[in-house]
Amino acid sequence: SSIELQDLVQLGKIGSGNSGTVLKTLHVPDSRVIAKKSIPVENKTLVKNQLMRELSIMQNVKPHDHIVGFFGAFYTASTTNEIIILMEYMDCGSLDKIMSTYKAFVRRGSLEASANWFTEPVLARISHSILDGLSYLYREYKIIHRDIKPSNVLINSKGSVKICDFGVSKKLINSIADTFVGTSTYMSPERIQGNVYTTKGDVWSLGLMIIELVTGEFPLGGHSDTPEGILDLLQRIVNEPPPRLPPGLPCSREIVDFVNRCCLKDEKERPSLQELLCHDFIVRGRSQGDRDFRHWCKRIKKRLKEDKMLNREEKERAKLVKR
Ligand code: ATP
Ligand code: MG
């Protein structure tokens, strides 16, 4: 059942990143909500062809519990040239969105900062799903994700955690400058140094991501988006001791060890996806029932809705004050 663009009705904007914009849309024939990502591209045949070739790889990936469903890719050449990717809509959004919503509640004073939503059982679930999705992509298709970060890990209220945005090289989509903005920060030391890139680069990114979800801050310190600022960050990743979960937090031995292993700077020492799937942190975390995690997802969805409403109210109030 392939989807045609003319059967889609736009419902609203979900978000946007460095490369494009994601819209919530309705597929009218079967009343299904799907996500539509538009990426502006240069009108060059070479770029276009290669992009479409890469997207056709995604088309071949069979559905999997931990991979966001893919419904097709299009190239539109109307007034703007863009690639359109249709995918499964995930109604709890991405981990970065959940994290910023949590922070908004803390800022409003309606939540204690210590009540972090990302508890260890939740993090273990999320990590297991990512590791399992990554190992499926590599085992079946030799695909390396290369862009594991909070905004590319999505959750739905049925209790599924899925990864998205793999396979399409960023270089093709944007100019070189853009590839160093924002996303570069989750790159492993060996990748920055230009060595061969394996699935262990994604393991490094996973480690950084967990630290960020526990602490609420990106672990390698801030950086400005100037070329100098980014270069400085890349140098720090290569030269400084590996990032860690800060001491003094109520973290279990298992999560600390898991993160330490993911963040080993030498990729030869860093464990593989398979090895990490057997780590105590993951094994113990899986003992939490599906039911509990589904509850967590449902609660998150409620919070996201509430946040949307509160934001709207805050905006209205600001308007009144201005008058
Ligand atoms: P970058 O462009 O650097 O990769 P990004 O991942 O945030 O950053 P996009 O991939 O364009 O950028 O996604 C924008 C936002 O849309 C994401 O942050 C996520 O919250 C949301 N999003 C993306 N895909 C989906 C989806 N299938 N279902 C629900 N929300 C989605
Ligand atoms: Mg993304």
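This text gives an overview of the structure that appears in the document. (Residues numbered from 1 in each chain as written. Chains lettered and ligands numbered in written order. Predicted model: local features only at pLDDT ≥ 70, side-chain atom pairs only at ≥ 80, totals over all residues.)

Here the focus is the packing of helix H3 (residues 120–141) against helix H7 (residues 199–215). Remark: H3 packs on H7, axes separated minimally by 11 Å, with the N-to-C direction vectors making an angle of 165 degrees. Overall, the two elements H3 and H7 adopt an arrangement that is roughly antiparallel. In this structure, H3 meets H7 at a crossing whose hand is right-handed. Taking contact as the criterion, the partners of Leu123, Ser127, Ile130, Leu134 and Tyr138 in H3 are, on H7, Thr199, Asp202, Leu206, Ile210 and Leu213. Looking at side-chain class alone, the contact of H3 with H7 contains seven nonpolar, two polar and one charged residues. (Axes fitted to C-alpha atoms, helices over the stretch in contact; angles between N-to-C directions. Helix = DSSP H or I, 4+ residues; strand = E, 2+ residues; numbered from the N terminus. Parallel < 35°, antiparallel > 145°, perpendicular 65-115°, else oblique. Left-handed = near helix turned anticlockwise from the far one by under 90°. Contact = placed C-beta atoms within 7 Å. Nonpolar A, V, L, I, M, F, W, Y, C, P; charged D, E, K, R; others polar.)

Okay, the environment of Glu316 next. Relative to the assigned elements, Glu316 resides in helix H12 (residues 290–322). Overall, the presence of 10 C-beta atoms within 10 Å leaves Glu316 in the exposed class. Between the C-alpha atoms of Glu316 and Glu82, which are 234 residues apart in sequence, the distance is 35 Å. (Buried ≥ 20, exposed ≤ 12 C-beta atoms within 10 Å, placed from the backbone.)

Taken together, five strands build an open sheet; the order of strands is S1-S2-S3-S5-S4 and the sheet is antiparallel. The open sheet has two free edges, formed respectively by strand S1 (8–16) and strand S4 (70–77), since each of these has just one partner strand. Averaged over all neighbouring strand pairs, the angle between strand axes comes to 25 degrees, with direction disregarded. Bridge count between strand S3 (residues 32–40) and strand S5 (residues 81–88): seven bridges; the pairing is antiparallel. Its bridge partner lying in S5, Lys36 is registered against Leu86. Packing against the sheet, helix H1 (residues 45–60) makes contact with S4 and S5, and its axis sits at approximately 165 degrees to S4. (Pairing = 2+ DSSP bridges.)

Moving on to unusual backbone geometry. Residues other than glycine predominantly adopt negative phi, and peptide bonds predominantly adopt the trans conformation. Positioned with a positive phi, Lys142 is a non-glycine residue whose angle comes to about 55 degrees. Along the chain, Lys142 turns up in the loop between H3 and strand S6 (153–155). Lys142 sits in the exposed class, given 9 other C-beta atoms within 10 Å. At Asp165, a position not held by glycine, the phi torsion is positive, near 65 degrees.

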